[in-house]
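Survey of secondary and tertiary structure
Residues per chain are reported as follows:
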Amino acid sequence: ADATPLFSSELNLVDLAGSERNSPHVRNPGASPGGRDVRLQEGGHINKSLLVLSTVISKLSEMAGKSGASGHAHIPYRSSKITRILQNSLGGNALSMIVCNVTPASRHCEESHNSLRFASRARSIRTMPTRQ
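Rules of the game
- Residues numbered from 1 in each chain as written.
- Predicted model: local features only at pLDDT ≥ 70, side-chain atom pairs only at ≥ 80, totals over all residues.
- Heavy atoms only, no water.
- Helix = DSSP H or I, 4+ residues; strand = E, 2+ residues; numbered from the N terminus.
- Buried < 20%, exposed > 50% of the residue type's maximum accessible area, 1.4 Å probe, protein only.
- Contact = heavy atoms within 4.5 Å.
- Areas by Shrake-Rupley, 256 points an atom, 1.4 Å probe, with all protein chains shown as cover.
- Core = buried A, V, L, I, M, F, W, Y, C linked by side-chain atoms within 4.5 Å.
- pLDDT = per-residue confidence, 0-100.
- Expected span 1.5 Å × (residues − 1).
- Arc of directions from axis to C-beta.

Attention shifts here to the overall build of the chain. Within the chain, the secondary structure is distributed over four helices and zero strands. Listing the helices and strands of the chain from first to last along the sequence gives α-α-α-α. Looking at the chain residue by residue over its 132 residues, the buried ones come to 20%. Taking contacts inside the chain between residues at least 6 apart in sequence as the whole, the part at least 24 apart equals 61%. As displayed, the chain offers around 10,800 Å² of accessible surface, 53% of which is attributable to carbon and sulfur atoms.

Below is the structure:
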């Protein structure tokens, strides 16, 4: 009997917006007096995850640039939840796409430039998607 091939897919939609620059004048209304602001802690966790993701993207793009390189560099996928979730999409058997949103406003020039550099590094990653 002919067996119908079974295909599985995974879709990850991730908003990689970083934490806003925290102003000393803006406080979380739920923060306890004298206690650490919850919003600042959340921002710290987001920034750590983005740093790990940036490291993973950089290492994968370096590997793509060294097409004839032998051996494998250590890619720290397990250093953050986001990189662990995206492991198959970033370095596996997958087709991936990145959408980079920037603004023409001059006051956000640095953030736009950083986003474009990140997208450029991500673009250089090469995966080999195949049907199995």
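This is not the end of the story, as more comes after the structure.
As a further point, take the nonpolar core. Among the nonpolar cores identified, the biggest contains twelve residues, and these are Leu53, Val56, Ile57, Leu60, Ile75, Tyr77, Ile82, Leu86, Leu90, Phe118, Ala122 and Ile125. Taken together, the elements giving at least two residues each to this core come down to α1 (38-65) and α4 (109-123). Residue contributions to this core peak at four residues, all from α1. Excluding residues within four positions of it along the chain, Ile57 makes contact with Leu90, Phe118, Arg121, Ala122 and Ile125.

With 80% of its residues at a pLDDT of 70 or more, the chain has an overall mean of 80. Here α1 is the element of the chain with the lowest mean pLDDT, 86, and helix α2 (residues 81-85) is the one with the highest, 92.

Here Ser61 is to be found in helix α1. Excluding its chain neighbours within four sequence positions, the residues that come into contact with Ser61 are Arg121, Ser124 and Ile125.

What follows deals with α1. Its 28 residues give α1 an end-to-end C-alpha distance of 41 Å, which sits within 8% of 40 Å, the value for a rise of 1.5 Å per residue. Among the residues of α1, those classed as buried are Gly43, Val52, Leu53, Ser54, Val56, Ile57, Ser58, Leu60 and Ser61. For α1, the secondary structure elements touched by its buried residues are α2, α3 (87-91) and α4.

Time to look at α4. Its 15 residues place the ends of α4 21 Å apart at the C-alpha level, agreeing with the 21 Å of an ideal helix rising 1.5 Å per residue. Among all positions in α4, only Ser112, Phe118, Ala119 and Ala122 are buried. Across the axial projection of α4, the buried residues extend over an arc of 125°, all falling on one side. Summarising the contacts, the buried residues of α4 are in contact with α1.

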